[in-house]
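The lines below spell out each chain.
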Amino acid sequence: MGEQPIFSTRAHVFQIDPNTKKNWVPTSKHAVTVSYFYDSTRNVYRIISLDGSKAVINSTITPNMTFTKTSHKFGQWADSRANTVYGLGFSSEALLSKFAEKFAEFKEAARLAKEKSQEKMELTSSPSQESAPSDLQSPVTPESINGTDERMTPDAESRAHTPSSHTLSSHTLSSHTLSSHTASSHTLSSHTLSSHTPCSHTAELNAVPFPHSSTSITKHWEAELAALKGNNAKLTAALLESTANVKQWKQQLAAYQDEAERLHTRVTELECVSGQTAGIKTQKTELNQTIEELEAELKAKEEELEKLKEEVENADRLRAQRDSLAQKLQDTQLRNLDLETRLSLLEERLDNGRMEDESFRKSLRSILELLDGKILELTELRDSLSKLIS
């Protein structure tokens, strides 16, 4: 499964100034995600934080670490492996308290995991410690190494060869402990060969009848000793070769471990990035919603702008119509003034005509009155004349 995030929060990350050991240096420009990770394969808890692709915190929790609250919203802990002090600034006291509780919880879990690991190591190492002394109980005699005792009985020869096999076995066991898994298989085969060789020689001794001549016995044991020396030289050369291979394998193993640690750190960073993907997706969704809202508002503003443009065009048309109507009104007013002037003149002429007509009527009345008087006089004259005539 690898490492999995088990708790995350957001905070501003700081590190102690390595020069002054007093001032805090911010390692992130803004609040970043700080996560607790648990590695089930190694049974390890770590605190990891990334600012983009840069790891600003990569701290393994150990039982001797302590998280200290220095204020209502700030806490710190020292990491001896990284040779620094990390500080976190939270937006609220509740987030700081929650982070401190998780730190204490995972610190206790790390302590229990370390104790269990030590118990397993003790149980694993105890059988090998019990079996090692049994291989070294028999002492090595000078006769078995140098071959100075030339007149040995078969039982003495068997006893002399047995410690040599134990000595080779103990060397092989030491080589097995120091080498890697590949080296152990090769050493185990050497151990098998060294432990079975004396037994085979003992069986051959039991099968060969003892000659009655001491010379033939001496030659026989000299041949056996030469064969054993040859086997011992071969086994020594194999052991030296295995030791050289062990050194080479140790170097390769160290290189593989460094590479594995680097890859493990890279995987952790990638997993942390993938753990932050959900938050990034949420932020992306919120940004998309904000963009859609802004686009909707922009579209509404564009529609409103189009309406305003239409209203402006209508206002221009109305302004032109108003100017036209104003011009017409002005012309009408001028015509009205002209007509009023003409009307005034006509009224004056009418008044004059009325006055002339009144005077004419007066004169006409006076004439009629004169005519009536004249007619009356003529009538009287006619009557007088008619009377005179009659």
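Conventions adopted
- Residues numbered from 1 in each chain as written.
- Predicted model: local features only at pLDDT ≥ 70, side-chain atom pairs only at ≥ 80, totals over all residues.
- Heavy atoms only, no water.
- Pairing = 2+ DSSP bridges.
- Helix = DSSP H or I, 4+ residues; strand = E, 2+ residues; numbered from the N terminus.
- Salt bridge = Lys/Arg side-chain N within 4 Å of Asp/Glu carboxyl O.
- Buried < 20%, exposed > 50% of the residue type's maximum accessible area, 1.4 Å probe, protein only.
- Phe/Tyr/Trp six-rings, centres within 6.5 Å; stacked < 30°, edge-to-face > 60°.
- Patch = residues over 30% accessible without salt bridge, like charges linked within 9 Å, V, L, I, M, F, W, Y side chains within 5 Å.
- Areas by Shrake-Rupley, 256 points an atom, 1.4 Å probe, with all protein chains shown as cover.

A.B. asks: Can you break down the pairing of strand S5 (residues 54–60) residue by residue, with the values?
C.D. replies: Pairing analysis gives six bridges linking strand S4 (residues 44–51) to S5, with the strands arranged antiparallel. When the bridges of S5 are listed, Ile48 appears paired with Asn58. Linking two consecutive strands that pair antiparallel, namely S4 and S5, is a turn of two residues; a positive phi of about 75 degrees is found at Gly52 within it.

A.B. asks: Would you mind going over the pattern of salt bridges in detail, with residue names and values included?
C.D. replies: Counted under the stated rule, the structure contains seven salt bridges. Glu105 is paired through a salt bridge with Lys102; the nearest N and O atoms lie 3.8 Å apart. Of the two residues, Glu105 and Lys102 are both situated in helix H1 (residues 93–135); the distance of three residues between them amounts to about one turn of the helix. On the basis of relative accessible area, Glu105 is assigned to the partly exposed category, the value being 44%. Using a relative accessible area of 18% as the deciding quantity, one classes Lys102 as buried. A salt bridge links Asp316 to Arg319; the shortest N-O distance between them is 2.7 Å. Linking Asp316 with Arg319, this pair stays in helix H6 (residues 277–389), spanning three residues, or about one helical turn. The exposure class assigned to Asp316 is partly exposed, which follows from its relative accessible area of 39%.

A.B. asks: Lay out unusual backbone geometry in plain terms, naming residues and giving numbers.
C.D. replies: In this structure, Lys21 is a non-glycine residue whose phi angle is positive, near 60 degrees. Summarising the element assignment, Lys21 is placed in the loop between strand S1 (3–16) and strand S2 (24–26). A positive phi angle, near 60 degrees, is found at Asn43, a position not held by glycine. Tracing the backbone shows Asn43 in the loop between strand S3 (32–39) and S4. For Asn43, a relative accessible area of 33% corresponds to the partly exposed category.

A.B. asks: Please give an account of the packing of aromatic side chains that cites residues and values.
C.D. replies: Under the defined criterion, the tally for this structure stands at 14 aromatic pairs. Note on Trp24 and Phe74: the rings are 5.3 Å apart at their centroids and 65 degrees apart in plane angle, and the pair reads as edge-to-face. Here Phe74 lies in strand S7 (residues 74–79) and Trp24 lies in strand S2, a separation of 50 residues in the sequence. The class for Trp24 is partly exposed, based on a relative accessible area of 30%. In this structure Phe74 comes out as buried when scored by relative accessible area, which is 15%.

A.B. asks: I'd like a description of a nonpolar patch on the surface, backed by residues and values.
C.D. replies: A cluster of nonpolar residues, Phe360, Leu364, Ile367, Leu368, Leu371 and Ile375, forms a patch on the protein surface that exposes about 550 Å² of accessible area. Locating Ile375 in the fold gives a position in helix H6. In this structure Ile375 comes out as partly exposed when scored by relative accessible area, which is 48%.

A.B. asks: So what's going on with the side chain of Thr33? Residues and values would help.
C.D. replies: Position of Thr33 among the secondary structure elements: in strand S3. Taking relative accessible area as the criterion, Thr33 reaches 17% and is therefore assigned buried.

No statement about biological role is implied by the geometric values presented.
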